[in-house]
2 protein chains.
Amino acid sequence: MAEEAAQEQRSPDPTRSVRCIVKLGGAAITNKGELESINENNLRSACAQLRQAMSESNSDGAPEKVLGMDWSRKRGDSADPAVDAEWITGMAGLGLETNFIVVHGAGSFGHFQASRSGVHKGGLHSTLVKAGFVATRISVTSLNQEIVRALARGIQNSLLCPLLCAVGPSIVITRLPVGTSDEKNHGTAYSFAEGIPSVGMSPFACGWTTKQRKLASSNTSQIIQSLHAGFVPVLHGDAVLDELLDCTILSGDVIIRHLAQLLSPKYVVFLTDVHGVYDRPPTEPDAVLLREIEVDEDGRWSIVKPVLLQGNNNKGVEISVASHDTTGGMETKILEAAVIARLGIDVYITKAGTDHSLRALKGDVSTDTEDWLGTVIRSSR
Amino acid sequence: MAEEAAQEQRSPDPTRSVRCIVKLGGAAITNKGELESINENNLRSACAQLRQAMSESNSDGAPEKVLGMDWSRKRGDSADPAVDAEWITGMAGLGLETNFIVVHGAGSFGHFQASRSGVHKGGLHSTLVKAGFVATRISVTSLNQEIVRALARGIQNSLLCPLLCAVGPSIVITRLPVGTSDEKNHGTAYSFAEGIPSVGMSPFACGWTTKQRKLASSNTSQIIQSLHAGFVPVLHGDAVLDELLDCTILSGDVIIRHLAQLLSPKYVVFLTDVHGVYDRPPTEPDAVLLREIEVDEDGRWSIVKPVLLQGNNNKGVEISVASHDTTGGMETKILEAAVIARLGIDVYITKAGTDHSLRALKGDVSTDTEDWLGTVIRSSR
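The name an unreviewed UniProt entry gives chain A is Isopentenyl phosphate kinase, with Paspalum notatum var. saurae as the organism. Database annotation for chain A, UniProt heading Sequence similarities (unreviewed entry): "Belongs to the isopentenyl phosphate kinase family." For chain A, the Catalytic activity (unreviewed entry) comment in UniProt is given as "isopentenyl phosphate + ATP = isopentenyl diphosphate + ADP".

Here it is, written out as structure tokens:
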């Protein structure tokens, strides 16, 4: 059924094709050292850049104005009239090219609960594993909730984040009422809204399952229906049921590879906490950023840029992969990225919250010049 | 596929059959007057009573002790060593008869966003409707998150809630460390855990859709797999895609009726904010609680208890239904309940947080005596 849906999805109608699948890396959007702590700056920046990438091909005319309130505001958050008005305006950016899919990692959400209990090893007869499964899902779905909220809501206090002002689809200058509960907002504040029509989709609940840790079943028809309705699906790495092990962890990178195979996006972007793939741990002084990696039909890689001195490029990468493993799961990223690139889909791995990530999200990446920092993985065909 | 799964579900194996589907009414678990406000007492009480109902047939032996922490605790919540140890212990109550399904309403979550934007009327071309769809889902899924958390987590400060101590599966007495950030806990606190292995399942994300507001597709296979794995699925009323209207609202009561038809539970419980169905608005002095309603094969109702003076019972109920409509959607409840009762499944409608709701959750309901307050709707066969 997912396959049929994917065929349908591959139709040439541009309004139906997926433009980009974006991975918001756990290392980028959370503070990994701190239990369940979001990296607010990186998340805000990623949301703003996503909005701008979606607006690119739809800058014609001012968006419809609809008075409303920022319904995505959390209980207890202080009201901001600018955002309240602007959020719905942002939603009017539904002329936006919203054919993006967002998948995020867990970072400091879920990882502790999962590793502490051994959910990835399976065995639901164990009290600890079952407790860990429930706890892991509570943690990762709460992160998903926050990311959907951040994509949909207005962003306040943009003064604190000049980048966002720079890329904001529109800016409202407003004087907030004296005595607002948010001291930071006293005086003049600049506000605008992302207003991305995002909808959370939790893989476990949607019926994604594994068999011996390999993806066994997925549910992409609802993802496709949501895209057709103009929504941006937001998935995440999750604890799932496993046919043989009872349960395990399904990583966001595997979800992205599967969706790329089915939905043939124009390009895939991995936003992480380093500039890309290096030939050794980036903390080492002589670490070299690998700007372009080609994958041939047999899945063999060769480093096109830069030309490294060592003879065996693959070995070079493998070494770096192994040593990167503790710094954001770069290994899975590269392996899954290679599978995607073999399909003829370009993969961009770059650092979140930079001009380079904005260019990657727009698909505006060139390795001919030195001004884009990141790694492109593409097919040699 | 859902149908096949349902057949499988109907197998006589008791570990596979669903014992009870519970509706946590929005009017009961939220403060309807207040935007996005949870009725903490009713929610805590419902979780404790669910745990006790699940424990009934499994009181043999002390639960396995596993040291752990209350992973369901929110960021910022103060740690409680008693709960930390006890939560995992609670999870050990996975010898619990967990074959329950929980469905909750929205109450003060989502209703405002949905009605303000007209999501139920459809039309996603409208900016306001699309914004409302996203906002409604953010609101109802945040409530779902809190309910899953409440079912899974330990309940603290039980001193403040004697009922919970009374029904607690086990009680730990602990002296919290001096200087804990939670002032209320200084001195001796009683704590225990529900530890119900609950998993949130959002109908929209799972692929539940409607056609002209009537249920068109559902995804019950994952619900059944979760039940078989020993988890308690927690669903909710949601904004969903509609084949003709683009979108609408799918009520929790319709979800319960559909699940009851497919999974044949032993009984269905609606927990609400009144004692049951009355012959007129319960606020009126002479309002009579209808204790037993029979539904015949043609769907006609007759009030068995009490015997009312008026000639036409149905009319009496219809009047009360209409007048109840503003007080918690009693009309939908009764109409869906009648469909369920026709299948031979008893439906109990009663007030949350009372001895009557505990008895209903245990299936221990009799209308022969006056000591149970509530409405039983059953088949006349």
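A closer look at the pattern of salt bridges
Residues and elements named next belong to chain A. Tallied over the entire structure, the rule returns 29 salt bridges over all chains. Salt-bridge contacts for Arg300 lead to Asp296; the nearest nitrogen and oxygen are separated by 3.2 Å. Overall, the relative accessible area of 18% leaves Asp296 in the buried class.

Details of empty space enclosed by the protein
All chains considered together, the criterion is met by 1 cavity of 30 Å³ or more. As a volume, the largest cavity reaches approximately 330 Å³. In terms of lining residues, the largest cavity is bounded by 26 residues, among which A:Thr141, A:Asn144, A:Gln145, B:Thr141 and B:Ser202 are the most central. At the level of secondary structure, the elements contributing two or more residues to the lining of the largest cavity comprise α6 (127-152) and β6 (198-200) of chain A together with α6 (127-152) and β6 (198-200) of chain B.

Some remarks on the pairing of strand β2 (residues 100-104) of chain B
Residue and element names in this part refer to chain B. Along β2, 5 of the 5 residues are buried, which leaves the element largely enclosed by surrounding structure. The side-chain alternation of β2 yields two buried faces, one formed by Phe100, Val102 and His104 and the other by Ile101 and Val103. With 5 bridges joining them, strand β1 (residues 20-24) and β2 adopt parallel strand pairing. Residue pairing in the sheet places Val22 in a bridge with Val102 of β2. Taken together, the 3 bridges between β2 and strand β9 (residues 232-236) define a ladder with parallel strand orientation. Each residue of the ladder has a partner; that of Val103, found in β9, is Leu235.

Brief notes about the packing of helix α3 (residues 40-55) of chain B against α6(B)
Residue and element names in this part refer to chain B. Put simply, α3 and α6 touch, their axes get as near as 9 Å, and they point 50 degrees apart. As the angle between them shows, α3 and α6 are arranged oblique. Judged by the twist between their axes, the crossing of α3 over α6 is right-handed. Between α3 and α6, the contacting residues are Leu43, Cys47 and Leu50 on the first element and Glu146, Ile147, Ala150 and Leu151 on the second.

A few points about helix α9 (residues 221-228) of chain A
Residues and elements named next belong to chain A. Taking burial as the measure, the 8 residues of α9 include 6 buried ones, the bulk of the element. Taken together, the buried positions of α9 are occupied by Ser221, Gln222, Ile223, Ile224, Ser226 and Leu227. Among the residues trailing α9, Gly230 stands out with phi positive, at a value near 90 degrees.

Section: the sheet that holds strand β13 (residues 292-295) of chain A
All names here are of chain A. Spatially, 9 strands are ordered β6-β9-β2-β1-β12-β15-β16-β13-β14 in an open sheet, and the strand pairing comes out mixed. Looking at which strands have only one partner, the edges of the open sheet turn out to be β6 and β14 (301-305). The mean inter-strand angle of the sheet, taken between neighbouring strand axes irrespective of direction, is 20 degrees. Across the sheet, helix α3 (residues 40-55) lies against β1 (20-24), β2 (100-104), β9 (232-236) and β12 (267-272), angled at about 165 degrees from β2, the strand it touches most. Here α6 sits on the sheet in contact with β1, β2, β6 and β9, set at roughly 155 degrees to β9.

Some details on unusual backbone geometry
Residue and element names in this part refer to chain A. Following Lys305, the chain continues into Pro306 via a peptide bond in cis, with omega recorded as -10 degrees. For Pro306, the position within the fold is in the loop between β14 and α11 (313-324). In this structure, Gln212 is a non-glycine residue whose phi angle is positive, near 55 degrees. Mapped onto the fold, Gln212 is located in the loop between β7 (209-211) and β8 (214-217). Notably, Ser264 is not glycine yet its phi reads approximately 45 degrees, a positive angle. Considering the arrangement of structural elements, one finds Ser264 in the loop between α10 (252-263) and β12.

Digging into the confidence of the model for chain A
Chain-level pLDDT for chain A is 77 on average; 68% of the residues reach the 70-or-more range. In this model, residues 154-192 of chain A is a region of pLDDT below 50 whose contacts with residues beyond four sequence positions or in other chains number 86 contacts.

Let's talk about the packing of aromatic side chains
Under the counting rule described, the total for this entry stands at 8 aromatic pairs over all chains. Considering the side-chain rings of B:Phe133 and B:Phe204, the 5.5 Å spacing of their centres and the 75 degrees angle between planes classify their relative orientation as edge-to-face. Here the residue B:Phe133 occupies a position in helix α6, and B:Phe204 occupies one in helix α8 (residues 203-206), the gap between them amounting to 71 residues. Summarising the burial analysis for this pair, B:Phe133 and B:Phe204 share the class buried. With a centroid separation of 5.8 Å and 35 degrees between ring planes, the pair formed by B:Tyr267 and B:Tyr348 is classed as tilted. With a gap of 81 residues between them, B:Tyr267 in strand β12 (residues 267-272) and B:Tyr348 in strand β17 (residues 346-351) connect regions that are remote in the sequence. This pair shows no difference in class: B:Tyr267 is buried, exactly as B:Tyr348 is. An aromatic cluster is built from A:Phe133, A:Phe204 and B:Phe231, whose rings are joined through pairwise contacts. Here the basic side chain of A:Lys130 rests over the ring of B:Phe231, its NZ or CZ set 5.3 Å away from the ring centre.

Topic: the side chain of B:Ser198
By the secondary structure assignment, B:Ser198 is in strand β6. Using a relative accessible area of 2% as the deciding quantity, one classes B:Ser198 as buried. Here the side chain of B:Ser198 touches B:Val148 through a polar contact of 3.1 Å, landing on its backbone oxygen. Filtering out sequence-adjacent residues up to four positions away, B:Ser198 remains in contact with A:Val134, B:Val148, B:Leu151, B:Ala152, B:Val232 and B:Val234.

Some thoughts on the state of the cysteines
Scanning the entire structure with this criterion turns up 0 disulfides over all chains. Not part of a disulfide, B:Cys20 finds its nearest cysteine sulfur in B:Cys47, a span of 14 Å. Take B:Cys20: its relative accessible area is 0%, and that puts it in the buried class. Between B:Cys206, a cysteine without a disulfide, and A:Cys206, which holds the nearest cysteine sulfur, the sulfur-to-sulfur distance is 5.2 Å.

Rules and cut-offs
- Residues numbered from 1 in each chain as written.
- Chains lettered and ligands numbered in written order.
- Predicted model: local features only at pLDDT ≥ 70, side-chain atom pairs only at ≥ 80, totals over all residues.
- Heavy atoms only, no water.
- UniProt positions renumbered as here; feature names shortened; annotations may be inferred.
- Salt bridge = Lys/Arg side-chain N within 4 Å of Asp/Glu carboxyl O.
- Buried < 20%, exposed > 50% of the residue type's maximum accessible area, 1.4 Å probe, protein only.
- 1 Å grid on protein atoms, 1.4 Å probe; cavity = no way out; pocket = protein on both sides within 12 Å on 5 of 7 lines; lining within 4 Å.
- Points joined across faces, edges and corners; volume = space filled by probe spheres on them.
- Helix = DSSP H or I, 4+ residues; strand = E, 2+ residues; numbered from the N terminus.
- Pairing = 2+ DSSP bridges.
- Axes fitted to C-alpha atoms, helices over the stretch in contact; angles between N-to-C directions.
- Parallel < 35°, antiparallel > 145°, perpendicular 65-115°, else oblique.
- Left-handed = near helix turned anticlockwise from the far one by under 90°.
- Contact = heavy atoms within 4.5 Å.
- pLDDT = per-residue confidence, 0-100.
- Phe/Tyr/Trp six-rings, centres within 6.5 Å; stacked < 30°, edge-to-face > 60°.
- Lys NZ or Arg CZ within 6 Å of the ring centre and 35° of its normal.
- Polar contact = N/O pair within 3.5 Å; in protein donor to acceptor, adjacent residues only side chain to side chain.
- Disulfide = S-S within 2.5 Å.

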